[in-house]
Amino acid sequence: MKEKENESDKMKEQEAAVDEAIGEKEIDILEFYGGAFASTLPLLFFIVWAIVLSLLKLVTEEALVLGMVMGIALGLFFCKSKWRHYAQALISGMAQPIGVISVIAWFWAGMFAKLLAAGGLVEGLIWFGFVTNIEGGLLVGVTFLLAGLFSTAVGTGYGTVATFGILMYPAGIILGADPVVLLAAILSGAVFGDNLAPVSDTTIVSATTQEADVPGVVRSRIKYSVAAAIPAFIMFVIFGGSGAGIEHNEVISQLQDQVSPIGLLMLIPFVLVLTLALRGRHLVTTLTWGILASIVVIFLTGISLDVVLHFSHDELGNPVVGGALMSGIGGYFNMAILILFILAAAHIMELAGTMNRIKNFFIKIINGVVRRAELSIYAIVAFLNVFITINTAAEITAGPFVRELGKEFHIHPYRRANFLDTVSSSLGYIFPWSGGVLLAWATIKGAAQEFDFLPVVGPTEVFPFVFQGWFLLLVMLIAALTGWGLRFEGENGEELKPEEFDKLTQK
């Protein structure tokens, strides 16, 4: 009997040691040399690192992850509490449901996006542009619409910039589009989809960090996106037709040979996903149906299922697993790691009391006025996007601040998520040093090597003409100033109009 008790005691001791090692023991507070604001060093180092990489044009997701890791390591040396408590807080921050949900959603969204591309959706959209015989400013306007449709379907602004930069940019130059405005139209389409797509990483992050459901966020966001898109389309038509055009039948023929209408069938799974998402189905369930429908459409159109998944060996005999499913997951590994580290850094700041101090500082300025609270949220998100060149990373960093401020004033999670996403999605394709603009510049620079007649537009040239981004920023500023679309959170999480919330609080 005593032997069993001794074994039980040993097992408990071992379990306690394991729990402590992996961070199961929750830490309530962390102290830092220099005060609570020393806990911001990991994120500050990351922001400076991102700026330097942007100026040197060396931004990659792997490099951003490295910067975050080094920042967290730096913070360890300023921690006054036991280092193992810092480590436990780091693990607890990474294990937050917000990060886990985002990572899972990204993997499913990545697979769906790659399947749509593998099925030829981009080529189908561009074929549609060719058969309509449009040119000049109208072509630029239609390019914006097609890019917006594609980015909404696949949920990736960067993927939209890369694909449309390779195919639609040369076609537009040939047909008399202004190079700068044409590239800005492609970037604007990326803004539209990044902001609105249910499967977009920015949509997912903005929803999960504000503890909101993705379908509800998308439904509440449509009015803002459309309000910006209408004047943006008009501006692209007006200013997009000043190009001279190029007479190059061989180039036109080559582009026309690359596209076909068959890819438009991939709109079927896109519409399915959009419908299920807007009906409130769980995102993973919705995307699973979209993935299955995409595979069926690819099979029925006669495309080899190797584009979906294939197994082979390279020249050295090493195993290779490829296809859209594999590349869809692989494309988000770096961002998944980055979000976990940034959430960990934010959690460390919360334990140090930094978040409360920052929140209290803004609350004093806001002085109980909801309008000032929303303007503060707008300013915080914009400020972080100035320094962090990947809009998703900026959202992840700003998310805790937006959540804490918004909750203090009972602003509904949908509304908070909309401010977080619209500002981040816009600025991520406007600033010359942002990841989206640098990708666009690199893409058309590569296309110019194949088509020597293509002008290469510099990042600083395109910045004033990303109309969807600028109008979206203006729309949200007006919404903050006037209270348009303002909703409060009820006792059970329901949306309440201002007058309904006032009645509730007066009881």
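Residues numbered from 1 in each chain as written. Predicted model: local features only at pLDDT ≥ 70, side-chain atom pairs only at ≥ 80, totals over all residues. Heavy atoms only, no water.

Here's the deal with the side chain of threonine 152
As for its placement among the helices and strands, threonine 152 is situated in helix 7 (residues 136–154). Overall, threonine 152 belongs to the buried group, its relative accessible area being 8%. In this structure the side chain of threonine 152 is engaged in a polar contact, spanning 2.6 Å, whose partner is the backbone oxygen of glycine 148. Ignoring anything within four residues of it in the chain, the contact list for threonine 152 reads Phe192, Gly193, Ala197, Pro198 and Phe270. (Helix = DSSP H or I, 4+ residues; strand = E, 2+ residues; numbered from the N terminus. Buried < 20%, exposed > 50% of the residue type's maximum accessible area, 1.4 Å probe, protein only. Polar contact = N/O pair within 3.5 Å; in protein donor to acceptor, adjacent residues only side chain to side chain. Contact = heavy atoms within 4.5 Å.)

Quick word on the pairing of strand 1 (residues 310–313)
Here strand 1 pairs with strand 2 (residues 319–322) via 4 bridges, running antiparallel. Bridge pairing in strand 2 places phenylalanine 311 opposite valine 321. A loop of 5 residues connects strand 1 with strand 2, the two strands running antiparallel in sequence, and glycine 317 in this loop sits at a positive phi of about 85°. (Pairing = 2+ DSSP bridges.)

Concerning the pattern of salt bridges
Here the structure, examined in full by the defined rule, presents 4 salt bridges. The shortest N-O distance in the salt bridge between arginine 403 and glutamate 350 comes to 3.7 Å. Note that arginine 403 is positioned in helix 19 (residues 391–408) and glutamate 350 in helix 16 (residues 333–351), a separation of 53 residues in sequence. Judged by its relative accessible area of 29%, glutamate 350 is partly exposed. (Salt bridge = Lys/Arg side-chain N within 4 Å of Asp/Glu carboxyl O.)

A short note on the nonpolar core
Counting 153 residues, the largest nonpolar core has Met68, Trp106, Tyr169, Phe236 and Leu338 as the members making the most contacts within it. Sorting elements by how many residues they give to this core places helix 16 first, with 13 residues. (Core = buried A, V, L, I, M, F, W, Y, C linked by side-chain atoms within 4.5 Å.)

Side note on helix 17 (residues 354–366)
When the terminal C-alpha atoms of helix 17 are compared, their 18 Å separation across 13 residues agrees well with the 18 Å that a helix rising 1.5 Å per residue should span. Residues Thr354, Met355, Ile358, Lys359, Phe362 and Ile366 constitute the buried set of helix 17. Buried residues in helix 17, looked at end-on, bunch into an arc of 130°, giving them a common side. Structural note: helix 17 exposes Arg357, Phe361 and Lys364 on the side pointing more than 90 degrees away from its buried face. Of the residues flanking the end of helix 17, it is asparagine 367, one or two places downstream, whose phi is positive at about 55°. (Expected span 1.5 Å × (residues − 1). Arc of directions from axis to C-beta.)

Re a nonpolar patch on the surface
On the surface, Ile222, Val226, Ile230, Ile234, Ile238 and Phe239 cluster together into a nonpolar patch covering about 530 Å² of accessible area. Within the fold, phenylalanine 239 resides in helix 11 (residues 214–239). (Patch = residues over 30% accessible without salt bridge, like charges linked within 9 Å, V, L, I, M, F, W, Y side chains within 5 Å. Areas by Shrake-Rupley, 256 points an atom, 1.4 Å probe, with all protein chains shown as cover.)

Regarding the packing of helix 4 (residues 83–94) against helix 16
Viewed as axis vectors pointing N to C, helix 4 and helix 16 meet at an angle of 125°, and their least axial separation amounts to 7 Å. Taken together, the axes of helix 4 and helix 16 are oblique relative to one another. Between helix 4 and helix 16 lies a crossing whose hand is right-handed. Across the interface between the two elements, Tyr86, Ala89, Leu90, Ser92, Gly93 and Met94 of helix 4 pack against Leu340, Phe341, Leu343, Ala344, His347, Ile348 and Leu351 of helix 16. Counted by class, the contact of helix 4 with helix 16 contains 10 nonpolar, 3 polar and no charged residues. (Axes fitted to C-alpha atoms, helices over the stretch in contact; angles between N-to-C directions. Parallel < 35°, antiparallel > 145°, perpendicular 65-115°, else oblique. Left-handed = near helix turned anticlockwise from the far one by under 90°. Nonpolar A, V, L, I, M, F, W, Y, C, P; charged D, E, K, R; others polar.)

Examining the packing of helix 16 against helix 19
Look at helix 16 against helix 19: their axes get within 10 Å of each other, and the N-to-C directions meet at 30°. What the angle tells us is that helix 16 and helix 19 run roughly parallel. As helix 16 runs across helix 19, the sense of the crossing is right-handed. Contacts from Met335, Leu338, Ile339, Ile342, Leu343, Ala346, Met349 and Glu350 of helix 16 reach helix 19 at Thr392, Ala393, Ile396, Thr397, Pro400, Phe401 and Arg403.

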